[in-house]
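Chains, contacts and geometry: an overview
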Amino acid sequence: MMAARFLTRFLKIQLALSLLLALIWFSLLPLAIAVEAANIVANSGFETRTRWENWPRPWWAQNESKNWSRDQSAAHSGTWSFKVSYQSAQEYNLAGQQISITAGEFYQIGAWIKTQGVSGGGATIFIEWSGNGQWLGGEWGFRKIKGTADWQFVSLPMVQAPEKADQAIIYLELAKGSAGSAWFDDVIVERRTKPLLSSFILRPNYAYKILPDAPSPEIEVEVSLNLEESSLSLNQVKVAATLKDQTTKTIIIQKSADPPPSATFCLSLDLPPTAPAVGYDLEIVLMTKDGAQMAQNAYVLDKLSQDRFAKLTSYIDSHNRFILNGEPFFPIGLYLGIGPQWGYSQADEIADSPFDTIMNYEINSGNSTQITNYLNYLHSKGLKLIYSLKDYLGNGQADLDTIAQKVTAYRDHPAIISWYLNDESGLEYLPELEARYRKVRQLDENHPVWSVHYQKSYLIGEAHTTDILGVDPYPIPDRPITLVSEMADWAKEASRGGYRPLWLVPQIFDQSHYPGHSGRLPTPQEIRAMTYLATNHGAKGLIYYSYFDIRSEDYYQTHWVAIKKIANEIKSLRSIFLSIEETSDQDILCSHSSNIIDCKLMKQANSYYLFAVNTQPDEISGVSFQINLAYRPAIIDVLFENNRQLEVKDGRFTDHFSPYEVHIYKLDAPTLIELDQFTATPRSDRIIITFKTKTEGEAAGFNLWRSEEEKGAYSRINHTLIEARGGATYGADYSFTDTAVRPGATYYYKLEKQDTTDTSVFYGPVSATLPAQEPAGKSVWPSCFFMLPYFWPGAQTARAHQWWFLGYRFWKEPF
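Here the structure is a predicted model, which means the values were calculated and not measured. (Residues numbered from 1 in each chain as written. Predicted model: local features only at pLDDT ≥ 70, side-chain atom pairs only at ≥ 80, totals over all residues. Heavy atoms only, no water.)

**Quick word on the sheet that holds strand β12 (residues 219-225)**
Each strand in a sheet pairs with its neighbour through backbone hydrogen bonds, running either in the same direction (parallel) or in the opposite one (antiparallel). Here we have three strands laid out as an open sheet, ordered β10-β12-β15, and antiparallel in their pairing. Every interior strand has two partners, whereas the edge strands, β10 (197-203) and β15 (264-269), have only one. Strand-to-strand twist of the sheet, defined as the mean angle between neighbouring strand axes without regard to direction, takes the value 25°. For β12 and β15, the ladder comprises six bridges, and the chain directions are antiparallel. Directly across from Glu 222, in β15, lies its bridge partner Cys 266. (Pairing = 2+ DSSP bridges. Helix = DSSP H or I, 4+ residues; strand = E, 2+ residues; numbered from the N terminus. Axes fitted to C-alpha atoms, helices over the stretch in contact; angles between N-to-C directions.)

**Details of the pattern of salt bridges**
Side chains that differ in sign of charge can pair as their charged atoms come close. Overall, the coordinates contain 30 salt bridges when judged by the stated rule. Across the pair Arg 308 and Asp 302 runs a salt bridge, and its minimum N-O distance is 2.7 Å. Residue Arg 308 is classed as partly exposed on the basis of its relative accessible area of 27%. For Asp 302, a relative accessible area of 17% translates into the label buried. Of the charged contacts in the structure, one is a salt bridge between Asp 348 and Lys 381, with a shortest N-O distance of 3.9 Å. Within this pair, whereas Asp 348 is found in helix α3 (residues 345-351), its partner Lys 381 is found in the loop between α4 (368-380) and β23 (384-388), the two being separated by 33 residues in sequence. By relative accessible area, which is 39% here, Lys 381 ends up partly exposed. A single network of salt bridges, built from pairs that share partners, joins Lys 209, Asp 302, Arg 308 and Glu 445. (Salt bridge = Lys/Arg side-chain N within 4 Å of Asp/Glu carboxyl O. Buried < 20%, exposed > 50% of the residue type's maximum accessible area, 1.4 Å probe, protein only.)

**Thoughts on the pairing of strand β30 (residues 597-604)**
Bridge count for β30 against strand β31 (residues 607-614) is eight bridges, and the pairing is antiparallel. If you follow Lys 600 over to β31, its bridge partner there is Phe 611.

**A word on the sheet that holds strand β38 (residues 674-682)**
Taken together, the three strands give an open sheet; going across it, the order is β38-β39-β43, and neighbouring strands pair in antiparallel fashion. The open sheet is flanked by β38 and β43 (733-738), the only strands paired with a single partner. The mean angle between the axes of side-by-side strands here comes to 15°, regardless of whether they run parallel or antiparallel. Sheet analysis places β38 next to strand β39 (residues 687-695), joined by eight bridges and oriented antiparallel. By the bridge assignment, Pro 682 is partnered in β39 with Ile 687.

**Observations regarding the nonpolar core**
Grouped together as the largest cluster of nonpolar side chains are 129 residues, with contacts concentrated most on Leu 282, Tyr 335, Trp 450 and Tyr 544. Here the element with the most residues in this core is helix α11 (residues 556-577); it accounts for nine residues. Listed in part, the 46 residues of the second largest apolar core include Ile 627, Phe 653, Tyr 665 and Leu 751. (Core = buried A, V, L, I, M, F, W, Y, C linked by side-chain atoms within 4.5 Å.)

**With respect to the confidence of the model for the protein chain**
When pLDDT drops low, the exact placement of atoms in the prediction is not to be read closely. Here the protein chain averages 88 in pLDDT, and 90% of its residues register 70 or above. Note that residues 1-37 has pLDDT below 50 and, in this model, zero contacts with residues that lie over four places away or in other chains. A low-confidence stretch, residues 777-815 (pLDDT under 50), is modelled with 38 contacts involving residues beyond four sequence positions or located in other chains. (pLDDT = per-residue confidence, 0-100. Contact = heavy atoms within 4.5 Å.)

**Re unusual backbone geometry**
In this chain, Asp 258 is followed by Pro 259 through a cis amide linkage whose omega measures 0°. You can see Pro 259 is positioned in the loop between β14 (251-257) and β15. Residue Pro 765 is reached from Gly 764 by a cis peptide bond, and omega for that bond is 15°. With respect to the helices and strands, the residue Pro 765 is situated in strand β45 (residues 760-769). Within the chain, Asn 320 stands out as a residue other than glycine whose phi angle is a positive 65°. With respect to the helices, strands and loops of the structure, Asn 320 is situated in the loop between β18 (314-316) and β19 (322-324).

**Brief notes about the packing of aromatic side chains**
Under the criterion given, the structure shown has 45 aromatic pairs. Each ring, one from Tyr 547 and one from Trp 560, has its centre 5.1 Å from the other, and the planes form 65°; the classification is edge-to-face. Residue Tyr 547 is located in helix α10 (residues 547-550), and its partner Trp 560 is located in helix α11; the two are separated by 13 residues in the primary sequence. This pair shows no difference in class: Tyr 547 is buried, exactly as Trp 560 is. The aromatic ring of Trp 183 is capped on one face by Lys 114, whose charged end is 5.7 Å from the ring centroid. The side chain of Lys 603 reaches across the aromatic face of Tyr 608, ending 5.5 Å from its centre. (Phe/Tyr/Trp six-rings, centres within 6.5 Å; stacked < 30°, edge-to-face > 60°. Lys NZ or Arg CZ within 6 Å of the ring centre and 35° of its normal.)

**Concerning the packing of helix α9 (residues 524-536) against α11**
Between two packed helices, the angle of one axis relative to the other and the distance separating the axes together describe the packing. Remark: α9 packs on α11, axes separated minimally by 10 Å, with the N-to-C direction vectors making an angle of 20°. Comparing the axis directions of α9 and α11 gives the class roughly parallel. As α9 runs across α11, the sense of the crossing is right-handed. Contact with α9, carried on its side by Pro 524, Ile 527, Arg 528, Thr 531, Tyr 532 and Thr 535, involves His 559, Ala 562, Ile 563, Ile 566, Glu 569, Ile 570, Leu 573 and Phe 577 of α11 and no other residues of that element. Class assignment for the residues of the contact of α9 with α11 results in nine nonpolar, three polar and two charged. (Parallel < 35°, antiparallel > 145°, perpendicular 65-115°, else oblique. Left-handed = near helix turned anticlockwise from the far one by under 90°. Nonpolar A, V, L, I, M, F, W, Y, C, P; charged D, E, K, R; others polar.)

Rendered as structure tokens:
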């Protein structure tokens, strides 16, 4: 009995303890879930396995019987990791996990990676999105770990899921063409919120420097608000901008948006004319209505004096043109990969070509004497160098010290035009990229920084760490050449509408030279089309990739001749690419959409240039262009095509395009008349059109055209040409009466000048509105009248009598 009672008491105690532990466990469970909920990757540390196999579900691999294994020999945290091994570069086997995500949200995506003897592309991660079963693209720009390396965190801190996405797959990869072993651990996909306040300096557009000739407003800031997480509306907050003299702390400008007009808007600040040439602190503050600060962005701006400005040999002007030694400069360059210690033969070949700029990956492989001699040689050959600092990244202060040493040593050399600071580096490097940019700008205000990307998120997220944006689209062999225009447009988006210049990197090489890539050599037609797509979409410089990839190939001589021919065209046109004269997309309209025939109209002096690119691998016939300019030439020149010309009929011309063909049409404007006056004046039943010229050049005469809609179809109203009465140094007065009009109608008039060469120029329109008819019910006769008979002299019968009405109205207005 005692034993039974003891056993019963023991069991009760055990049950009570179990219940107590269960209560404690369940009370802690929500806390545990809250902690783990941030990471939506299951089994992110590979610590759990299925009962029947040593496999870290829900992870999977394309072939689970080879390459991948759950491994206990290395771990970043915990005990286990996920290991992949390739014995040869021919093996390839992806691992991944499907996760649920929210469309439009931002995520941090990352993993810890360790490698041993990895060759080729390296070990990395990437993510791909889908929605309703449809693939929606992905992010593949994560850093790749090669060689033998201890645990490193590979991450993108702010990746946005596409608007229609609801699923994603996070992949673990040892890239194609690689061999060796890699371990993955602590994989994360965590939701991140955008900052409450973010801003981007639109102007000044160069290195935060306000130049003496800067247009007003000198300071423009794009402000973006993310109030979704704050539960506040735009009407409950305000944004204030304060500009202070950095030395005296005097407030120069204060401006606020109360409330902000929209979630994204522009703040403009006009500097007073008396503002000194000093440094300024600019603060952008988001606050509640009662003044409680929610977020702040701060910038340091620098207003240059005339003396400091005069010392700049290179900078970016307000039109986003690179200015070199006082003149706009369009670099036409090549990537090189041979160090200065290996001689100058390639520099000689490039100097003997239309190319004028080099971006040499291996510039720092030589010692200081070799680098200086190389720079001197380039300068003697008239070549410019974009100096590469891109490799000094990932080592913190040591890299900053090296960059400082290089910039200080070579910043005054006349061969250098820019610093190459970033070559496709990911957002995980953002703090370092910001520090490197600040360091270069601190040590050298004389040369802009250029950075190149192939990922849109990098381009946008790192746009504030460079002065010149770059993209490197390589579409050949398996993507359309419109990748060039697409990525060029990314740069415009990254600079918030084109507030930074673009130097683009066209493809001239065969991608199969690189492990894990298939490819072929781009044809000359494709290279030419990609080149003009770049300039059509805003490129202010072209640095082709790459000379070192083609230099040692059997096809080099033939390919080099074709590339030089294209570069020679660009060299002859670059002043047009740098022209600041404006045109409209409506000035000349193409019959085909821009994804088929990509067009850009540019103007320089008295000539227009239409660049038309066939983006397709097919012939296209019957492509027509409608000219809506003020003048319509009778003949159009086609450049670089053996003096070919096209006839213009009724303001339209037509052409044929072979695959990837580019046509460049030149429209020379005639000498314009100097028009002093052009008016349309309404009368009761007619409109008087008058115009007066100061000079008339080679005018043969004039026509007047009329429409009842300003942008409608116009018809000529004079039956014969109104003959010109002026000359090259004097003008004349003209008048024309239009009687074919209706009461109450509005008419628009254009004046056409015809040259002796049968070329037309249009002016106007001007407009006039006729008075309306008398209201219904109002007599058109006088309200009081009397009649007097009037007899024609010699009248023989009463039928010859005519009655003459005399009368008047008792109205306020005269009859």
